[in-house]
Amino acid sequence: MTGLRTDAGVAGAVAARSGGERPSPGAAPDAPPVPRRRRRSPTDVLIAIWGVLGLLFLFFPVLVIIVYSFNTGRQLRSWDGFGFSSYENALGNPTIVATIQVSILAAAGSAVVSTILGSLAGVALARRPSARWVGWLTLLLGLIMVTPEIVNAVSLLPWFVDLSNTWHLSIFAIGQVRLIVAHSLFSCAVVTFIVRARMAGVDESLEEAAADLGAPPVRRFLDITFPLMRPAVISGALLSFTLSLDNTVLSSFVSVAGSTPWPVYVFASLRSTLRPEIAAVSTLMLGLTLVALALVGLVLRRAQKTTGDSGGGLAATLVG
Amino acid sequence: MPESSDVRLLLPASMTARVSRRLFLGGLLGAGATAALAACSTGSGSGSGGSGGLNIYTWGEYDDPDVLSAFTKEVGPKITIDSYGSNQEMIAKLVAAAGTSGYDICLPTHQYIPQMAASDLLEELDLDKIPNFENVDPAYIDQSFDPGNRYSVPKAWGSTGYAYDTTAVGRELTSWADFWDVAQNEASGSLSLLEDPGEIAYAYFFANGIDPLTTDEGHLEEYRAFITEKIAPHVQTFESYPGASITNNARVLAQAFNGDARAGILENEDPSRWRYVTPSEGGNLWQDNWAIVKGAPNPDAAHDFINYVLDPEVSLAELLYIGYNTGLKGIEEAAVAAGAELPELIFFTPEQTAKLVFAELNDAEQAYVDIYDELTAAAGQ
Amino acid sequence: MAADPVAAPAVRQSRRRLRWSVGMLALPIGAWLIFFFIVPFGLILWYSFGEKPSLYVTHSNDVLSLDRYLEAVSPAFLQTFGRTLEISVVGTVLCLLIAFPMAYWMATKLSPSRQGLVLALVLIPYWTNFLVRTIGWQITLSPEGFLSEGLQALGLRDGPLEVLYTMPAVQLGVVYNYLPLMILPLYVALERMDHRLLEASRDLGANAVESFRRVTLPLALPGIAAGMLLVFVPLMGDYITPSVLGGAQGGMVGQMVAGQFNRAQNWALGSAMAVILMLAILAVVVLFVLVARLFGFVVRRVQHVDLTAVLPAQGAAR
């Protein structure tokens, strides 16, 4: 009778052996739930209540904003009556519409840049975990993730100004370019880690086989590597897009007049007057994000069904 | 995925892409097309360059939106507005951007114009392109801070005072001394100060009979000690636009510009609940001016806009919206005729005007900023 | 998977090319990050050794010194810094305490399909703009708002709600904003946990609390560590939450740094403050890692069961 080893290492070994997924792979289809759910202990009920309360807590301000988006008053904070006037005003206000366009464009651009850079790096890190430069790159990526945005912001603005004035690279005086570059920094680190986590679990032998069969690197990448990492790339792109839409501090420092993104506009209104239009636009954008999420979720679920990921697949890829 | 291969590969089932490449690429194309469409409409309108737009960097709520849309309809350029809360913020942004800010027009307060011009932040105006300049009351042009109006044209002038909630403060207040007294008592924890370092300093100097233009170290030290030790614990927030807070009754006492306070009071459910005070010791007389930023992408549009707002009717509309004296000839009569509410908050009596002091930028400015930083840090205790 | 020892030279060549080409993939991101992240940071590091020569000139490096760092650790700055540290540490701990039961519930008590749904529900508020969510709290906590009126109507409060523009408001705001970042890693770690270990623990006689302490908790530790890191770091530099909810009394370091660039035009001092902020974050993280390692080391020593002593006949039971 072996003694119980509570050493976490053993648990890790067990988990690793089963690939970090739920036990009983292959063989039998999902067995009915284990008897542990037979009796609902008081702790179970309490935990469930806590969970639901937590969800309500998370949704609370979002609901407040959605409700107040129907405020017909002049100020967001003081409720005046129910109506759709704020939506009309928001969509009819050229400044607001322009900022939304700027935001979406910057998000798309930054998502493209981060996804490309991050996917390539993720593959490299997953395939060459023991190369010399891996330590440095991981340190660099980690450094980005531990740098507060304000430090990033105050350093990027002088640099952009230097680039456009002293080095005469006038492309960096274009607002949209600045936004895309600034947003891509944190995102590409995130995408790298997501893709690396995904690729680390995948064999290199398929690529080696393709190489043996004479496929050039590009063909190898397109036919073998890319399909394998597609779910991670999609989640990475989505995450970059969302992070960029949300980015406020960095944008407010580096943005150029005429290319003001939406969060910067809200931040500036915060200092003078907040209008219900802001809540209206936020509600609309939330709706759009949900639609995009649903689409991606659909895509990912199809990929999940074929690769057999558990329900934690999406979260696991997100957190790495 | 081999397209035309005769070789059958043994691949695990998972390799068979459920989402076909075509679908995926199609999705990417769709996203790209949307982005391109967005870019098209952005590019033609509020583009970052001189593509028919106009970018104004100004104070918040400082222009009638109807005036702005009328300008776009009649003259053409679409306007984007970014706002700031203090001159320091505006200047810091322009200095940091070093000509790449993309702004065409900014609104400096008068005392900063000489320094801004000297630091190469402003373009010289071509007054030939602003024929409506002759509508401006001669009392406000050709001032000491900008002889010949080479860099600026008056937009509005006003003063700084404070507003208080009469239901929370029982007595009648008339002076800056009253202000500082109530700040430490009835309004403790419900006080807001302007984000302008100089304005707070002036409020102290006036209350204590010191010339606000002083650069004496002793005076500055007194001010520093007073504000960081006596007042800091009572401040609730620093805001440049307390009008919204006045409307919501979110404060008891707020240092405010006259027009902003007026707007806030008028929007309040019960306007008589609030009183604006033009303090008896005097106050800061400030004049905001239109100026063109160095490196402006759309200088012609900028000149057109300045000319547009100096038209008497447009100027009246602006005055009624922002609540400040726009300085055109005969504007006071026009405003009264148009039925402006609370005109005493827009137009000052000769006695009040006599005590207003035209602010100047002097060596004390750095001290004001440093003391303000200390104040904001100390306010957290 | 092992390399074929008799592979033809052509195959070895193509494999070497494979390795080389894969390594090159990391080059673009390295160059990008160095050019747009390391170099600018080096720039402000350089500025931090300079000074502010006059009113409208932002910085000058004619005279190099560490004076700006001395200025940056002035009592005023240190006080704000202390407040920021307090808010961050308390915020991280609160997030952990609130998130752990939620993650546990999600990972162990729900069916897989429900898990996906609840996970999406956790993430949806996160997809709302950070600033707008915080404004939602500003509306809620305002003295004239519905919560204040409601509490007064119910008799739970005498006067208007006075939470807004105080430190507790900022504390609430940060806990709310960073909660999903704590839930996610915890959920992943707990979800990966093999429930058979818990069963084994029960079979061997441990009660619920002991099983939790000796099985669940150690397995969740990587998730806890990741979550705390993900929350603490951005929290220290948070600029938005104190701006919206803090007023004069809830100021944090991020605002001080921003103020030096946005208002005071003192880039040298602002850079020094930014560098100090980064060093402080790194120091706390390193400290935390060291303490965690030490703790883990001690725990493992205490709980280690040496099976060689128990089963000498069978040798090491690994």
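Residues numbered from 1 in each chain as written. Chains lettered and ligands numbered in written order. Predicted model: local features only at pLDDT ≥ 70, side-chain atom pairs only at ≥ 80, totals over all residues. Heavy atoms only, no water.

## Concerning the overall build of chain A
Going by this rule: Per the convention used, a helix needs a DSSP run of H or I reaching at least four residues, while a strand needs a run of E reaching at least two, with both numbered from the N terminus. Partly exposed describes any residue whose relative accessible area lies between the buried limit of under 20% and the exposed limit of over 50%, with all areas from a 1.4 Å probe on protein chains only and scaled to the type maximum. To be clear on the numbers: accessible area is Shrake-Rupley with a 1.4 Å probe, and residue cover counts the displayed protein chains and nothing else.
Helices and strands together make up the secondary structure of chain A, namely 13 helices and zero strands. Ordering the α and β elements of chain A from the N terminus gives α-α-α-α-α-α-α-α-α-α-α-α-α. Taken across its 320 residues, chain A has 55% of its residues classed as buried. Split by element, the accessible area of chain A, about 13900 Å² in all, is 67% carbon and sulfur.

## Concerning the overall build of chain B
Convention followed: In this analysis, two residues are considered to be in contact whenever any of their non-hydrogen atoms come within 4.5 Å of each other.
Along its length, chain B carries 14 helices and ten strands. Looking at chain B as a whole, 57% of its 381 residues qualify as buried. Expressed as a percentage of contacts within chain B between residues at least 6 apart in sequence, the contacts between residues at least 24 apart total 75%. Summed over its atoms, the accessible surface of chain B is roughly 15100 Å², and 52% of this surface lies on carbon and sulfur atoms.

## A few points about the confidence of the model for chain A
Residues and elements named next belong to chain A. Threshold: Confidence scores per residue from the predictor, reported as pLDDT, run from 0 to 100.
Here chain A averages 80 in pLDDT, while 82% of its residues score no lower than 70. Between residues 1-28, whose pLDDT stays under 50, and residues either more than four places distant or in other chains, the model counts 25 contacts. With pLDDT under 50 throughout, residues 308-320 is counted as low confidence; its partners more than four residues away or in other chains account for 28 contacts.

## Some points on unusual backbone geometry
Of note in this structure, Asp-120 of chain B is not a glycine but carries a positive phi near 65°. In this structure, Asp-120 of chain B sits in the loop between helix 4 (113-118) and strand 4 (152-165).

## Comments concerning helix 9 (residues 258-267) of chain B
The buried count for helix 9 of chain B comes to seven of ten residues, which makes it a mostly enclosed element. All buried positions along helix 9 of chain B are accounted for by Asn-258, Gly-259, Asp-260, Ala-261, Arg-262, Gly-264 and Ile-265 of chain B.

## A short note on the nonpolar core
For the record, the criterion: Only buried residues count toward a nonpolar core, which is a set of Ala, Val, Leu, Ile, Met, Phe, Trp, Tyr and Cys residues joined through side-chain atoms within 4.5 Å. Here the bounds of each domain stem from an automatic or database domain assignment.
Counting 172 residues, the largest nonpolar core has Ile-150 and Phe-253 of chain A together with Met-106 and Ile-135 of chain C as the members making the most contacts within it. Per element, the largest residue contribution to this core is 15 residues, and it comes from helix 8 (residues 167-192) of chain C. A domain split of this core shows at least three residues from each of domain 1 (8-24 + 39-87) and domain 2 (91-319) of chain A. Look past the residues within four positions of Ile-150 of chain A in its chain and what remains in contact with it is Val-249 and Phe-253 of chain A together with Gly-237, Tyr-239, Gly-254, Val-257, Ala-258 and Leu-277 of chain C. Membership of the second largest hydrophobic core comes to 61 residues, among which are Leu-107, Ala-117, Trp-290 and Ile-322 of chain B.

## Digging into the interface of chain C and chain A
Quick reminder of the rule: Using a 1.4 Å probe, buried area is obtained as the accessible area two parts lose upon being combined, added over both of them. Any carboxyl oxygen of Asp or Glu within 4 Å of a side-chain nitrogen of Lys or Arg constitutes a salt bridge here. Only Asp, Glu, Lys and Arg are considered charged in this grouping, and only Ala, Val, Leu, Ile, Met, Phe, Trp, Tyr, Cys and Pro are considered nonpolar; every other residue, Gly among them, is considered polar.
Across the boundary between the two partners, chain C contributes 103 residues, which contact 102 residues of chain A. Together, the buried faces of chain C and chain A total about 9600 Å²; carbon and sulfur atoms form 76% of this surface. In this assembly, chain C and chain A are joined by one salt bridge. Looking at which element gives the most residues to the side of chain C that touches chain A, the answer is helix 2 (residues 27-47) of chain C, with 16 residues. Taken together, the residues of the side of chain C that touches chain A break down into 72 nonpolar, 19 polar and twelve charged.

## Digging into the pattern of salt bridges
Following the criterion strictly, the structure yields 22 salt bridges over all chains and no others. Asp-44 of chain A is the partner of Lys-109 of chain C in a salt bridge, and the nearest nitrogen-oxygen pair spans 2.9 Å. With Lys-109 of chain C in the loop between helix 4 (75-108) and helix 5 (112-127) and Asp-44 of chain A in helix 2 (residues 42-68), this pair bridges two chains. Accessibility expressed as a relative area gives 15% for Asp-44 of chain A, which makes it buried. Here Arg-275 of chain B ties to Glu-172 of chain B by a salt bridge, and the two come within 3.8 Å at their closest N and O atoms. Taken as a pair, Arg-275 of chain B in strand 8 (residues 274-277) and Glu-172 of chain B in the loop between strand 4 and helix 5 (176-184) lie far apart in primary sequence, 103 residues in all.

## Here's the deal with the side chain of Arg-68 of chain C
Residue and element names in this part refer to chain C. Note the following rule: A 3.5 Å cut-off defines polar contacts: any pair of N or O atoms within that distance qualifies, except that in protein one atom must be a possible hydrogen donor and the other a possible acceptor, and neighbouring residues in sequence count only when both atoms are side-chain atoms.
When you line up the elements, Arg-68 lands in helix 3 (residues 67-72). At 3.0 Å, the side chain of Arg-68 and the backbone oxygen of Gly-50 are in polar contact. Beyond its immediate sequence surroundings of up to four residues, Arg-68 is in contact with Ser-48, Gly-50, Glu-51, Ala-268, Leu-269 and Ala-272.

## Details of the domain arrangement of chain A
Residue and element names in this part refer to chain A. Assigned domains within chain A: domain 1 (8-24 + 39-87) and domain 2 (91-319). Between domain 1 and domain 2, the residue contacts involve 13 residues of the former and 13 residues of the latter. Carbon and sulfur atoms make up 65% of the surface buried where domain 1 meets domain 2, a total of about 1200 Å² over both sides. Put simply, domain 1 and domain 2 have zero salt bridges between them. The tally of links between domain 1 and domain 2 comes to three residue pairs in polar contact (both at pLDDT 80 or more). For the side of domain 1 that touches domain 2, the secondary structure elements donating two or more residues are helix 2 and helix 3 (85-92). Counting residues per element, the side of domain 1 that touches domain 2 draws most heavily on helix 2, which supplies four residues. A per-class count over the side of domain 1 that touches domain 2 returns six nonpolar, five polar and two charged.

## Focus: the confidence of the model for chain B
All names here are of chain B. The share of residues in chain B with pLDDT of 70 or more is 86%, and the mean pLDDT across the chain is 85. For residues 11-27, every residue scores under 50 in pLDDT, and the model assigns this stretch 22 contacts once sequence neighbours within four places are set aside. Across residues 32-50, confidence stays below pLDDT 50; counting only partners more than four residues off in sequence or on other chains, it has 24 contacts. ipTM for the predicted complex: 0.83, alongside a pTM of 0.83.

## What to know about helix 6 (residues 149-165) of chain A
Filter applied, for reference: To estimate the expected span of a helix, count its residues, drop one, and scale the result by 1.5 Å.
Look at helix 6 of chain A: 24 Å from first C-alpha to last across 17 residues, which is about the 24 Å you get at 1.5 Å a residue. Of all 17 residues making up helix 6 of chain A, 14 are buried, and the element is well covered by its neighbours.

## Some points on a nonpolar patch on the surface
Here is the rule we go by: A patch consists of residues exposed above 30% relative accessible area that lack any salt bridge, with like charges linked at up to 9 Å and nonpolar side chains (Val, Leu, Ile, Met, Phe, Trp, Tyr) linked at up to 5 Å.
A cluster of nonpolar side chains, Val-45, Leu-46, Ile-49, Val-52, Leu-53 and Leu-56 of chain A, forms an exposed patch at the surface whose accessible area comes to about 550 Å². Of note, Leu-46 of chain A is situated in helix 2.

## Digging into the packing of aromatic side chains
Residues and elements named next belong to chain B. To keep it simple, the criterion reads: Any pair of Phe, Tyr and Trp rings, taking the six-membered ring for Trp, is counted once the centres come within 6.5 Å. Such a pair is stacked with planes under 30 degrees apart, edge-to-face with planes over 60 apart, and tilted for the rest.
Evaluated as defined, the whole model comprises 54 aromatic pairs over all chains. Aromatic side chains Trp-59 and Phe-257 sit 6.3 Å apart centroid to centroid with 80° between the ring planes, which places their arrangement in the edge-to-face category. With Trp-59 in strand 1 (residues 53-59) and Phe-257 in strand 7 (residues 253-257), this pair connects stretches of sequence that are 198 residues apart. Judged by relative accessible area, which is 7%, Trp-59 ranks as buried. For Phe-257, a relative accessible area of 10% puts it in the buried group. Ring centres of Tyr-162 and Trp-176 lie 5.7 Å apart, and the angle between their planes is 45°; on these two criteria the pair is classed as tilted.

## Details of the side chain of Asp-288 of chain B
Residues and elements named next belong to chain B. Operational definition: Neither His nor the chain ends is counted toward charge; the positive residues are Lys and Arg and the negative residues Asp and Glu.
Relative to the helices and strands, Asp-288 resides in strand 9 (residues 283-292). For Asp-288, which is buried and forms no salt bridge, the nearest opposite charge comes from Lys-155, at a distance of 7.7 Å. Within the local environment of Asp-288, its side chain forms a polar contact with the side chain of Tyr-62, the two groups lying 2.7 Å apart. A polar side-chain atom of Asp-288 sits 2.9 Å from a polar atom in the side chain of Thr-109. Beyond its immediate stretch of four places on either side in the chain, Asp-288 contacts Trp-59, Tyr-62, Leu-107, Pro-108, Thr-109, Pro-154, Lys-155 and Ala-156.

## So, the packing of helix 12 (residues 253-262) of chain C against helix 13 (residues 267-303) of chain C
All names here are of chain C. As a reminder of what qualifies: Comment: axis = line fitted to C-alpha atoms, over the contacting stretch for helices; angle = value between 0 and 180 degrees taken between N-to-C directions. Angles below 35 degrees are treated as roughly parallel, those above 145 as roughly antiparallel, those between 65 and 115 as roughly perpendicular, and all remaining angles as oblique. Put simply, a crossing is left-handed when the front helix is turned counterclockwise from the back one by less than a right angle, and right-handed when it is turned clockwise.
Their axes nearest at 7 Å, the elements helix 12 and helix 13 cross at an angle of 155°. One element, helix 12, and the other, helix 13, form an angle in the roughly antiparallel class. Every pair of crossing elements has a handedness; the one defined by helix 12 and helix 13 is left-handed. Each of Val-253, Met-256, Val-257, Gln-260 and Phe-261 in helix 12 lies in contact with helix 13, whose residues at this interface are Trp-267, Leu-269, Gly-270, Ser-271, Met-273, Ala-274 and Leu-277. A class-by-class count of the residues in the contact of helix 12 with helix 13 yields nine nonpolar, three polar and no charged.

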